[in-house]
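Structural overview
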Amino acid sequence: MTAAALKAGRASTRLIAVALVLGLIAGVFASRVGDSVREPAIQAASLVGGLWLDALRMTIIPLLFSLLVKGIVSGTAAVRGGNLAARSIAWFVALSFASAVIGALVAPALLAAFPLPTEAIRALSGALGTVDRAMIGETTATTSDFLRSFVPGNPVKAAADGAVLQVMLFGLVFALALGFLEKRLRDPVVNLFDAIGQAMLVIVGWILVVAPAAVFALAFALGAGAGGGAFGAVAHYLFIYSATGLAVLVLAYVVALQFARFPLGAFSKAMLPVQSFALSTQSSTASLPLMITAASELGVSETTRDVTLPMSVALFRVLGPAMNIAVCFYMAHWLGLPLGPGAIIAGVAVATIASISAPGLPGQISFISSIGPIAVAMGLPLAPLGIFIALEPLPDMLRTMTNVTMDVAVTGAVDRKAKAKAEKLNGR
């Protein structure tokens, strides 16, 4: 990410944060006036926020499919490039799945241990509007129905119906098939989907231009409906969201100590400047030179370092699945919606697969493109995302710090395996 892009992103972040605070304050004041004034104001604010969320929703399917195709084809090419790349990809997929599972276990446990008061849930549910509960029922159908729902009988209809899991499965198979075609046939198709994905990202950028106004409207409707409890709910969300992320940070240290066999003191010392830089820039790409230095200090071979670290920055964001699915559990908690096994399995699957194609973009864009498909797959409304997007800068610092920590840890794990294999071959 360029310095100009970082500067623009931070300016946008400040505007959205200000809009959130002002919207909540205005809404809380409006909650104390008469219904004749408050209700029309809430309806108008909900209309503005709803239109903005619908605009974001229209980009989800084409953006997700395009990024998935490009990401899988790139990963397939990397696997064919050698054993080192293949082992790296295997680690990325396994840890992304582990991250999603951690999110699906930790977030509900934290919400059970530290729930929002029943009154706050009721107020927030009313403030955020109603949701089609039949939609939740569809995601928690019988096991046989759920398993059959993985395979889209009609991919075009699945896309039109917003069946994200089916679309992703078709995209996964389609991308894998593309990887086996000749280069002259494969490249034009990949370039087409790359162009579609980039166009969708441009549209998302345009939509986010009006994000401060939309967030103000959504925050106003929330504050007006929930009153002063809205501020407590925001703090509660940040606690649950960040605590879930810390569980994956612990996993990064487990990988470093148990699989890479780095000494704790040496790993902590080498990672300190990397983590500090990641917190300040919120950019894994910008942190790559420092990650290379840390890996060298820890004794990672140059070959592994130069292959696995760049791949991890391009393809691997370990904290994404856990924190993205945590947001969805929190939305369900806010709205009082039960999530059955089918919805949870769908969420874990989409969170894992989506992380493979997640682009390295400013927080607001990646927040919507990553969490939106998971929410849709789990049968959840997108309305709360309009509030959560304004709170993303703080958790995004944790995201980047955890991602760079795991990038170095997994590079060490891949290198240790490669060295062990080389020693075994030399011993023969």
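Note that this is a predicted model, so its numbers are computed, not measured.

Quick notes on the rules
Residues numbered from 1 in each chain as written. Predicted model: local features only at pLDDT ≥ 70, side-chain atom pairs only at ≥ 80, totals over all residues. Heavy atoms only, no water. Helix = DSSP H or I, 4+ residues; strand = E, 2+ residues; numbered from the N terminus. Buried < 20%, exposed > 50% of the residue type's maximum accessible area, 1.4 Å probe, protein only. Contact = heavy atoms within 4.5 Å. Areas by Shrake-Rupley, 256 points an atom, 1.4 Å probe, with all protein chains shown as cover. Salt bridge = Lys/Arg side-chain N within 4 Å of Asp/Glu carboxyl O. Phe/Tyr/Trp six-rings, centres within 6.5 Å; stacked < 30°, edge-to-face > 60°. Core = buried A, V, L, I, M, F, W, Y, C linked by side-chain atoms within 4.5 Å. Axes fitted to C-alpha atoms, helices over the stretch in contact; angles between N-to-C directions. Parallel < 35°, antiparallel > 145°, perpendicular 65-115°, else oblique. Left-handed = near helix turned anticlockwise from the far one by under 90°. Nonpolar A, V, L, I, M, F, W, Y, C, P; charged D, E, K, R; others polar. Patch = residues over 30% accessible without salt bridge, like charges linked within 9 Å, V, L, I, M, F, W, Y side chains within 5 Å. pLDDT = per-residue confidence, 0-100. Expected span 1.5 Å × (residues − 1).

**Considering the overall build of the chain**
Along the backbone of the chain there are 19 helices and zero strands. By residue count, 52% of the 428 residues in the chain fall in the buried class. Put simply, 85% of the contacts in the chain that link residues at least 6 apart link residues at least 24 apart. As displayed, the chain offers around 18400 Å² of accessible surface, 69% of which is attributable to carbon and sulfur atoms.

**Focus on the pattern of salt bridges**
One pass over the full model with this rule turns up five salt bridges. A salt bridge links Asp-187 to Arg-186, with the shortest nitrogen-to-oxygen separation between them at 3.9 Å. For Asp-187, a relative accessible area of 25% translates into the label partly exposed. Overall, the relative accessible area of 17% leaves Arg-186 in the buried class.

**Observations regarding the side chain of Arg-186**
The topology assignment puts Arg-186 in helix α9 (residues 183-209). Not counting chain neighbours up to four residues away, the residues in contact with Arg-186 comprise Val-73, Leu-178, Gly-179 and Leu-181.

**What about the packing of aromatic side chains?**
This structure, assessed with the given rule, holds ten aromatic pairs. Between the aromatic rings of Phe-92 and Phe-316, the centroid separation amounts to 4.7 Å while the plane-to-plane angle is 15°, which identifies the pairing as stacked. Here the residue Phe-92 occupies a position in helix α3 (residues 83-113), and Phe-316 occupies one in the loop between α14 (302-315) and α15 (319-335), the gap between them amounting to 224 residues. Accessibility expressed as a relative area gives 1% for Phe-316, which makes it buried. Relative to Tyr-330, the ring of Tyr-237 lies with its centre 5.3 Å away and its plane at 75°, an arrangement referred to as edge-to-face. One end of the pair, Tyr-237, is in helix α11 (residues 229-259); the other, Tyr-330, is in helix α15, and 93 residues separate them in sequence. For the pair Tyr-237 and Tyr-330, a shared accessibility class is recorded, and that class is buried. By way of ring pairs, the aromatic residues Tyr-237, Tyr-241, Tyr-330 and Trp-334 are connected into one cluster.

**Details of the nonpolar core**
General note: in soluble globular proteins, nonpolar side chains tend to be found buried as a group. In terms of nonpolar packing, the biggest core is built from 97 residues, with Trp-52, Leu-380, Phe-388 and Met-406 touching the most fellow members. Top element by residues in this core is α15. It accounts for 13 residues. Residues Ile-61, Phe-65, Ile-72 and Ile-353 belong to the second largest nonpolar core, which totals twelve residues.

**Side note on the packing of α3 against α15**
Put simply, α3 and α15 touch, their axes get as near as 7 Å, and they point 30° apart. The orientation of α3 relative to α15 falls into the category roughly parallel. Along this stretch, α3 crosses α15, giving a crossing that reads as right-handed. On the side of α3, the interface is formed by Ser-96, Ser-99, Ala-100, Gly-103, Ala-104, Ala-107, Pro-108 and Leu-111, while α15 contributes Leu-319, Pro-321, Ala-322, Ile-325, Ala-326, Phe-329, Tyr-330 and His-333. Partitioning the contact of α3 with α15 into residue classes produces twelve nonpolar, four polar and no charged.

**Description of the environment of Met-397**
Mapped onto the elements of the fold, Met-397 is located in helix α19 (residues 393-427). The exposure class assigned to Met-397 is partly exposed, which follows from its relative accessible area of 27%. Separated by 121 residues in sequence, Met-397 and Ser-276 have C-alpha atoms that sit 9.9 Å apart.

**As for a nonpolar patch on the surface**
Taken together, the side chains of Val-18, Val-21, Leu-22, Ile-25, Phe-29 and Phe-216 define a hydrophobic patch exposed on the protein surface, amounting to about 530 Å² of accessible area. Counting residues per element, the nonpolar patch draws most heavily on helix α1 (residues 3-30), at five residues. When you line up the elements, Phe-216 lands in helix α10 (residues 211-226). For Phe-216, a relative accessible area of 34% gives the class partly exposed.

**Remarks on the confidence of the model for the chain**
Taken as a whole, the chain shows an average pLDDT of 76; of its residues, 75% reach a score of 70 or greater. Taken element by element, the chain is modelled with least confidence in helix α5 (residues 133-139), mean pLDDT 39, and with most confidence in α3, mean pLDDT 89. pLDDT under 50 marks residues 1-9. Its contacts with residues more than four places away, or in other chains, come to five contacts.

**Description of α9**
Spanning 27 residues, α9 covers 38 Å between terminal C-alpha atoms, matching the ideal 39 Å at 1.5 Å per step. If you check which residues of α9 are buried, you get Arg-186, Val-190, Phe-193, Gly-197, Met-200, Leu-201, Val-204, Ile-207 and Leu-208.

**Quick look at α14**
Relative to the 20 Å expected for 14 residues at 1.5 Å per residue, α14 spans 20 Å between its end C-alpha atoms, a close match to the ideal helical length. Buried within α14 we find Thr-304, Arg-305, Thr-308, Leu-309, Met-311, Ser-312, Val-313 and Leu-315.

**Re the packing of α3 against α14**
Contact pair α3 / α14: the axes reach a minimum separation of 10 Å and the direction vectors enclose 40°. On the basis of their axis angle, the class for α3 and α14 is oblique. Once α3 is placed against α14, the crossing between them reads as right-handed. Facing α3, whose interface residues are Leu-84, Ala-85, Ser-88, Ile-89 and Phe-92, α14 presents Thr-303, Thr-304, Val-307, Thr-308, Met-311, Ser-312 and Leu-315. A class-by-class count of the residues in the contact of α3 with α14 yields seven nonpolar, five polar and no charged.

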